[in-house]
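For reference, the chains in residue letters:
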Amino acid sequence: MSQPPPSWPRVGRARLLPLYAAGFVTAFGAHAVAASLGGITGPEHTSLLELGLLLAVYDGAEVLLKPVFGSLADRIGPRPVLLGGLVAFALASAVFVLAGASPAAVGLARFGQGAAAAAFSPAAGAMVARLTPQTGHGRAFGRYGAWKGLGYTLGPLLGGVLISFGGFTLLFITLAVLAVVVAAWAAIAVPTLPALPRARQTVLDLGRRMTQPGFLRPTVVLAATTAALSVGVGFLPVRGAAVGLGPVATGAVVSVLAAAAALVQPWAGRVRDSGRLPERAGMAGGLVLAAVGFASAPALPGLVGLLGAALAVGAGVGVVTPLAFAALAAAAPPERLGQTMGAAEVGRELGDAGGPLLVGALAAVASLSLGLTGLAVLLAAVGATVAATTARRDRA
């Protein structure tokens, strides 16, 4: 595994912490708001449609804009895009505070937050890759993923607490302050990384690069793991409720899944960097482990069975994520890291939406058990495909 160009600075862990915190901001902000949107829209059918639109607008902005801002990070350097995105996230949050608590204000703020996250998320990923040697990518992306996992876990809980004390206004004020603090921290601690010289790229060149195995394999794997995480958080509690478990028990299932994913990622990255966990084997094994979790959820009875399923899914996601990001960073041309990370993030967003749609569609025509089993089959198939691919290293 070759080292990055010697002109790339090497920094201590403390200088990477603001980048990890940026990952926390996008995860915490998205889930803290999303988990409580029902309190604004209400339970009526028209309000449920409104709720769906409010939930989708954040991810929609990310899907549309991440490749754009990723390319901008390559053009002008990732640090300005990171800082600008965090400041824009704070401003978008402030828009809600000024406009008042209405669905229209939430929609505007959510779109602004999603667009801002589309800027600083791929920029942060590109900087993590550039500021660490390839032999440390697994550990670095494992920590980055763990901070994001912490945001996913704490978002609904702390968001609910903030809303209970001061409504959505207090939540959005908190998000604005958090983004400003992280932006200031990054401005002080994160070094400037100049844009690297780039050859002219045509649309055909981009298309060829995006279809190379070095890009396509980890991106598909990331989409699959994001689908698994989304389905686990959304549908395992439904399965629990169907067998008579209460909200405390189903909440424990989600907490186990999220905690397992967050805790396993740094370990998986560290083992990968030590050479004890090959990327392809680890990605394939993690996907199969998540598949086993979903396959066991309908078969094993009661809370213990669901907790075991959640643990397997979370651990599988935790193993795969840092390995896939490390593989992506290793295969990407250094001068196109932002564009590569942005495009790969689009794959994750599509998995985030596609997984629940697949399970929901199968559950609607048959049963939730079939839906979870169907996703298990898909994850196992992707894992088998990764395991069967040639071991040669592909450069996207």
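Residues numbered from 1 in each chain as written. Predicted model: local features only at pLDDT ≥ 70, side-chain atom pairs only at ≥ 80, totals over all residues. Heavy atoms only, no water.

**Here we look at the overall build of the chain**
And step 1. Counting its regular elements, the chain contains 13 helices and 0 strands.
And step 2. When the helices and strands of the chain are read in sequence order from the N terminus, they spell out α-α-α-α-α-α-α-α-α-α-α-α-α.
And step 3. With 396 residues in all, the chain has 52% of them scored as buried.
And step 4. Looking at the chain alone, contacts between residues at least 24 apart form 85% of all its contacts between residues at least 6 apart.
And step 5. Carbon and sulfur atoms provide 72% of the accessible area of the chain, an area that totals close to 15700 Å². (Helix = DSSP H or I, 4+ residues; strand = E, 2+ residues; numbered from the N terminus. Buried < 20%, exposed > 50% of the residue type's maximum accessible area, 1.4 Å probe, protein only. Contact = heavy atoms within 4.5 Å. Areas by Shrake-Rupley, 256 points an atom, 1.4 Å probe, with all protein chains shown as cover.)

**Focus on the packing of helix H5 (residues 103–130) against helix H6 (residues 137–189)**
And step 1. Two numbers describe how H5 lies on H6: the axes approach to 13 Å, and their chain directions differ by 155°. Considering their axes alone, H5 and H6 lie roughly antiparallel with respect to each other. Remark: the crossing between H5 and H6 carries right-handed chirality. Here Ala109, Gln113, Ser121, Ala124, Gly125, Val128 and Ala129 of H5 come into contact with H6, specifically with His137, Ala140, Phe141, Tyr144, Lys148, Phe172 and Leu175.
And step 2. Tallied by class, the residues present in the contact of H5 with H6 amount to 9 nonpolar, 4 polar and 1 charged. (Axes fitted to C-alpha atoms, helices over the stretch in contact; angles between N-to-C directions. Parallel < 35°, antiparallel > 145°, perpendicular 65-115°, else oblique. Left-handed = near helix turned anticlockwise from the far one by under 90°. Nonpolar A, V, L, I, M, F, W, Y, C, P; charged D, E, K, R; others polar.)

**Points about helix H9 (residues 247–273)**
And step 1. In this model H9 runs 40 Å from its N-terminal to its C-terminal C-alpha over 27 residues, within 8% of the 39 Å that 1.5 Å per residue would give.
And step 2. Approximately 30° is the largest bend angle found in H9, and it occurs at Val264, with the proline Pro266 only one to four residues beyond.
And step 3. Backbone geometry just after H9 places Gly275 at a positive phi near 85°. (Expected span 1.5 Å × (residues − 1). Bend = angle between axes of the 7 residues up to and from the residue.)

**A word on the confidence of the model for the chain**
When pLDDT drops low, the exact placement of atoms in the prediction is not to be read closely.
And step 1. On average, residues of the chain carry a pLDDT of 86, and 89% of them reach 70 or more.
And step 2. Within the chain, the element-level pLDDT minimum falls on helix H2 (residues 38–41), averaging 59, and the maximum on helix H10 (residues 279–296), averaging 96.
And step 3. Taken as a whole, residues 1–7 scores under 50 in pLDDT and shows 14 contacts with residues more than four places along the chain or in a different chain. (pLDDT = per-residue confidence, 0-100.)

**Details of the nonpolar core**
And step 1. Ranked by internal contacts, the top residues of the largest apolar core, which has 101 residues, are Leu82, Phe294 and Leu379.
And step 2. With residues near it in sequence (within four places) discarded, Leu82 still touches Leu19, Ala22, Phe120, Ala123, Ala124, Met127 and Ala186. (Core = buried A, V, L, I, M, F, W, Y, C linked by side-chain atoms within 4.5 Å.)

**A short note on the side chain of Glu345**
And step 1. Mapped onto the fold, Glu345 is located in helix H12 (residues 337–365).
And step 2. Given a relative accessible area of 4%, Glu345 falls into the buried group.
And step 3. Polar contacts involving the side chain of Glu345 include one to the side chain of Lys66, which spans 3.1 Å.
And step 4. Excluding anything up to four places from it in sequence, Glu345 contacts Lys66, Ser121, Lys148 and Phe325. (Polar contact = N/O pair within 3.5 Å; in protein donor to acceptor, adjacent residues only side chain to side chain.)

**A look at the packing of H9 against helix H11 (residues 302–331)**
And step 1. H11 packs onto H9 with a crossing angle of 30° between their chain directions and a minimal axis gap of 7 Å. When you trace H9 past H11, the crossing you get is right-handed.
And step 2. Classifying every residue of the contact of H9 with H11 gives 22 nonpolar, 5 polar and 1 charged.

**Observations concerning the environment of Thr250**
And step 1. Here Thr250 is to be found in helix H9.
And step 2. Take Thr250: its relative accessible area is 12%, and that puts it in the buried class.
And step 3. Sequence separation of Thr250 and Val233 is 17 residues, and the distance between their C-alpha atoms is 9.7 Å.
And step 4. If sequence neighbours within four positions are ignored, Thr250 has contacts with Pro237, Gly240, Ala241 and Leu245.

**Things to note about the pattern of salt bridges**
And step 1. Within this structure, the stated rule accounts for 7 salt bridges.
And step 2. The salt bridge partner of Lys66 is Glu345, with a shortest N-O separation of 3.1 Å. Note that Lys66 is positioned in helix H3 (residues 45–76) and Glu345 in helix H12, a separation of 279 residues in sequence.
And step 3. One network of salt bridges, in which partners are shared, links Glu62, Lys66, Lys148, Glu345 and Glu349. (Salt bridge = Lys/Arg side-chain N within 4 Å of Asp/Glu carboxyl O.)

**Overview of helix H4 (residues 78–99)**
And step 1. Taking 1.5 Å of rise per residue, 22 residues should cover 32 Å, and H4 covers 32 Å from first to last C-alpha, within 8% of that figure.
And step 2. Buried within H4 we find Pro78, Arg79, Val81, Leu82, Leu83, Gly85, Leu86, Phe89, Ala90, Ala92, Ser93 and Phe96.
And step 3. One or two residues past the end of H4 sits Gly100, with phi positive at roughly 100°.

**Comments concerning the environment of Ala94**
And step 1. Examined against the element boundaries, Ala94 turns out to sit in helix H4.
And step 2. Along the chain, Ala94 and Ala176 lie 82 residues apart, while their C-alpha atoms are 6.3 Å from each other.

**Some words on the side chain of Arg110**
And step 1. Along the polypeptide, Arg110 turns up in helix H5.
And step 2. Within the buried set, Arg110 has no salt-bridge partner at all; the shortest N-O distance to an opposite charge, 6.1 Å, is to Asp59.
And step 3. Separated by 3.1 Å, the side chain of Arg110 and the backbone oxygen of Ala30 make a polar contact. (Lys, Arg positive; Asp, Glu negative; His and termini not counted.)

**With respect to the packing of aromatic side chains**
And step 1. In total, this model carries 7 aromatic pairs according to the counting rule given.
And step 2. Centre to centre, the rings of Tyr20 and Trp147 are 6.2 Å apart; their planes meet at 45°, and the pair counts as tilted. Of this pair, Tyr20 sits in helix H1 (residues 13–34) while Trp147 sits in helix H6, and the two are 127 residues apart along the sequence.
And step 3. On the basis of relative accessibility, which here comes to 29%, the residue Trp147 falls in the partly exposed class. (Phe/Tyr/Trp six-rings, centres within 6.5 Å; stacked < 30°, edge-to-face > 60°.)

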